[in-house]
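Take a look at the letters that make up each chain.
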Amino acid sequence: NGGIIMAIYYGDGSHTNTGRVVQVLHTLRSSTFSEQVANGGLGSVLCPTTITPKDNNNKILVRAMVSMSLSTGHGRAASLTRDGTPICIGEAASNRIRRTSGSGHATTTGHTNIFMEFLDDPQTTSSIIYGFAMGHNENNTLWTYLNRSENDNDGTHVSRSASTVTVMEIAV
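What counts and how
Residues numbered from 1 in each chain as written. Predicted model: local features only at pLDDT ≥ 70, side-chain atom pairs only at ≥ 80, totals over all residues. Heavy atoms only, no water. Helix = DSSP H or I, 4+ residues; strand = E, 2+ residues; numbered from the N terminus. Rg over C-alpha atoms; globule rule 2.2 N^0.38 Å. Buried < 20%, exposed > 50% of the residue type's maximum accessible area, 1.4 Å probe, protein only. Contact = heavy atoms within 4.5 Å. Polar contact = N/O pair within 3.5 Å; in protein donor to acceptor, adjacent residues only side chain to side chain.

> What exactly am I supposed to notice about the overall build of the chain here?
When its secondary structure is counted, the chain shows 0 helices and 11 strands. Each helix and strand of the chain, ordered N terminal to C terminal, gives the series β-β-β-β-β-β-β-β-β-β-β. In terms of C-alpha radius of gyration, the chain reaches 20 Å, well past the compact-globule figure of 16 Å for 172 residues. Along the first, second and third principal axes, the C-alpha set of the chain runs to 75 × 45 × 25 Å. Here the chain, with 172 residues, has 37% of them falling under the buried criterion. Taking the contacts inside the chain whose residues are at least 6 apart along the sequence as the reference set, 80% of them involve residues at least 24 apart.

Have a look at this one:
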């Protein structure tokens, strides 16, 4: 026969790739950003992170940490996006806005951190761009701020922060 058989055994004694991380990509944004977002709308896709899955059966674990503020104290919200389309959003119910996650009221002088995680099943080997978009729960058009508060005064009592997106291809 003359064939060579090779097996890879992992530290846990298994020889399967199932559940293993195939690749990890990460985007960090420490600069600030602001834009107006209408009621029910979403802003620009931020922290775009491109991944090209190695196998169309694999899953993509998407994690985002969003540090944001608004021009009012009303609830902040954000949505994970795949190629610019919101993913992992709440079910439709009358006129309610569908988002991935959000927070309650806060002051305009502080940041709100929104953490999101979703195991996506894109079923492709084409490149995919993941990111997030900011929104809010107010009936008006508001300013949204990334990595800063609305009152971004220069002083030791005012902080700036960072936001991230991490994507991991998981073998199935």
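> Could you clarify how one ought to interpret the environment of Ser149 in this entry?
Turning to its location among the elements, Ser149 is positioned in the loop between strand E10 (142-146) and strand E11 (163-170). With a relative accessible area of 1%, Ser149 lands in the buried category. A polar contact of 3.1 Å, which involves the side chain of Ser149, links it to the backbone oxygen of Asn151.

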